[in-house]
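# Coordinate analysis (summary)
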Amino acid sequence: MSWLRRASLALALLLPAAARAEVAPADCPPGLPAGTTCLRGQDGNGAWLLLARPANWHGGLVTHIFGGPRMAPPARETTDEDLIRYQEFLAEGWAWASSSRRREGFGIRRAGEDTLAATRAAEAAFGRPRLSVLHGQSWGGAVAAKAIETLNEPDGEGRRPWQAALLTSAVLAGPTRAYDMRVDLRAAFQAVCGTHPRPEEPQYPVTLGLPQGQAMTREALMDRYLACTGADLAPEARTPAQRQAMADLSAASRITEWAIPGHLMWATTVFADIAWRMMEGRSAFGNAGVRYSGTSDDAAFNARVPRIAADPDARARLAADGDPTGAIAIPVLTLHGIADSTVFVEHEAAYRATLEAAGTAHLLAQVFVDDGEHNKLSAALYPAALAALADWAETRRRPTPGEVRGRCEALRARYAGECRVLSGYTPPSWESRVNPR
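The model shown is predicted, which means the values in this text are computed figures rather than measured ones. (Residues numbered from 1 in each chain as written. Predicted model: local features only at pLDDT ≥ 70, side-chain atom pairs only at ≥ 80, totals over all residues. Heavy atoms only, no water.)

### So, helix α4 (residues 108-126)
What sets the pattern is the α-helix's 3.6 residues per turn: residues three or four places apart point alike. Taking 1.5 Å of rise per residue, 19 residues should cover 27 Å, and α4 covers 27 Å from first to last C-alpha, within 8% of that figure. Burial runs high along α4: 16 of the 19 residues are buried. Two residues or fewer past α4, G127 is found with a positive phi of approximately 95°. (Helix = DSSP H or I, 4+ residues; strand = E, 2+ residues; numbered from the N terminus. Expected span 1.5 Å × (residues − 1). Buried < 20%, exposed > 50% of the residue type's maximum accessible area, 1.4 Å probe, protein only.)

### Some thoughts on the pairing of strand β8 (residues 332-337)
Across the six residues that make up β8, a large majority, six, are buried. Burial along β8 is two-sided: V332, T334 and H336 and L333, L335 and G337, pointing in opposite directions, are all buried. Examined bridge by bridge, strand β7 (residues 164-168) and β8 share four bridges and lie parallel to one another. By the bridge assignment for β8, T168 is matched with L335. Pairing of β8 with strand β9 (residues 364-369) involves six bridges; the strand directions are parallel. Opposite T334, over in β9, you have Q366 as the bridge partner. With respect to chirality, the unit in which β8 leads through helix α13 (residues 346-358) into the neighbouring parallel β9 is right-handed. (Pairing = 2+ DSSP bridges. Right-handed = clockwise from strand over helix to strand, strands pointing away.)

### Section: the nonpolar core
Ranked by internal contacts, the top residues of the largest apolar core, which has 77 residues, are F106, I148, L167, Y179 and Y351. Top contributing element to this core by residue count: helix α10 (residues 260-277), with 10 residues. If we skip the residues at most four places from it in the chain, F106 touches P69, W139, P175, Y179, W266, V270, D273, I274, M278, L318 and D321. If you look at the next biggest cluster of nonpolar residues, it comprises 39 residues, including Y86, L131, L377 and A390. (Core = buried A, V, L, I, M, F, W, Y, C linked by side-chain atoms within 4.5 Å. Contact = heavy atoms within 4.5 Å.)

### So, the state of the cysteines
Here is the idea: a disulfide is a covalent bond, and it sits between the sulfur atoms of two cysteines. In total, this model carries three disulfides according to the counting rule given. Linked covalently through their sulfurs, C28 and C38 form a disulfide whose S-S length is 2.0 Å. On the sign convention where negative is left-handed, the bridge of C28 and C38, at about 115° about the S-S bond, is right-handed. Note that C28 is positioned in the loop between β1 (22-26) and β2 (37-42) and C38 in strand β2, a separation of 10 residues in sequence. A residue is classified by how much of its surface remains accessible, and C28, at 24% relative accessible area, is partly exposed. The buried category is assigned to C38, whose relative accessible area is 2%. Take the cysteines of the chain that form disulfides and number them in order along the sequence; they join up as 1-2, 3-4, 5-6. (Disulfide = S-S within 2.5 Å.)

### Observations regarding the sheet that holds strand β5 (residues 95-99)
If you trace the 10 strands from one edge of the open sheet to the other, you get β1-β2-β3-β5-β4-β6-β7-β8-β9-β10, paired in mixed fashion. Of all the strands in the sheet, just β1 and β10 (421-422) have a single pairing partner and so form its edges. In the sheet, β2 pairs with strand β3 (residues 48-53) via six bridges, with the strands oriented antiparallel. From the neighbouring strand, Q42 faces β3, where its bridge partner is W48. Sitting on the sheet, helix α5 (residues 139-150) touches β4 (60-65), β6 (131-137), β7 and β8, and the angle it makes with β6 is about 135°. Contacts from helix α14 (residues 381-395) reach β4, β6, β7, β8, β9 and β10, with the element oriented near 155° to β7. (Axes fitted to C-alpha atoms, helices over the stretch in contact; angles between N-to-C directions.)

### Comments concerning the pattern of salt bridges
Using the criterion set out here, one finds 34 salt bridges in the structure. Of the charged contacts in the structure, one is a salt bridge between E149 and K146, with a shortest N-O distance of 3.7 Å. Here K146 and E149 lie together in helix α5, a separation of three residues that amounts to about one turn. Both residues of the pair, E149 and K146, count as buried. With a closest N to O distance of 2.8 Å, R224 and E201 form a salt bridge. Of this pair, R224 sits in helix α8 (residues 218-229) while E201 sits in the loop between α7 (180-192) and α8; the two residues are 23 residues apart in sequence, bridging distant segments of the chain. What emerges from the salt-bridge pattern is a single network uniting D27, R40, R76, E77 and D80. (Salt bridge = Lys/Arg side-chain N within 4 Å of Asp/Glu carboxyl O.)

Right under this line is the structure:
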């Protein structure tokens, strides 16, 4: 009987009912290393699974958590693009597991449960891995950070589901403060542009994202944004009012001008998902005590900006869902571009402070890169960071940024990109980048 057939039988027998999966040999995403074998199927909650084993498998497993949260319903191919993007892991002999998650939208703990189901499915399919690593990218890093605190208990043999975690470009400040700059952007947009919502539309606290039951396409939102700022025009073609609007939005939110559209969309669709699908229409976010500065007229801006007070219960529920506590028991290596405008590098300072307060900072290694990319840094960095993390998990010797850079340089013959790892870099504090409240 082939290992693929044994895998299908094992999945039906070994997984608990809630996580039980049915997978079968299936097509792989295009362009993966030759000899890669893939399995696809669904877990007991309906999440789509993608498992992959390279021909040169050395016994290690990476369970990947993608970013977002994505608002499109999950599908069979949801994580294909992620496996293609991070196929260097396969090329270096690591097996892969990923979940589409059972539904779209926010929910850090729920996403963690879906991730654990993917890990268990891979264990049943491939056998117990030599080393199991959790990889969280962007918002997936928030899921991973919470999962290693709440879902990583040892079994009867003392083995945890994950023995190490790699968090790349990760959201690590915790959801009760990670989106404060987006709260400020929505409030500033209403103060400056007054069109989200428009005066003739139903009015609502902007931290709810949208009125209940309503949706907004990116095109519709961009129409409002471009009309206000003229961002689609050459700077000299914009009106004075448009130039001032753009400058005030950036100053109030502390978001780089070119990155504003992505943050504004997130603060529309995901805020609505959190408010109406998790909080019964209550706001977990607020800006009641924020004093905005750097605008064209701070006194006038602060007088007219919408003020929202966070609902205490909603905020507590959001904290319970995702705020890290630092209660970790495995090595964690983070990788972050210092000029990332999607997830500020100051998230790393916030996470270190959390672990220091919990007495677990000795389990954290942070690697900073002179780069502004978010979705993927230099290709050679990922297998380099993973190899350094794996050695740490097995030898208990924490790697230095210089060691990661050295591993990266050694891999450049096989993978594109540079290794602009910074030694001695310390990110600024969270409060230095995001308006205090």
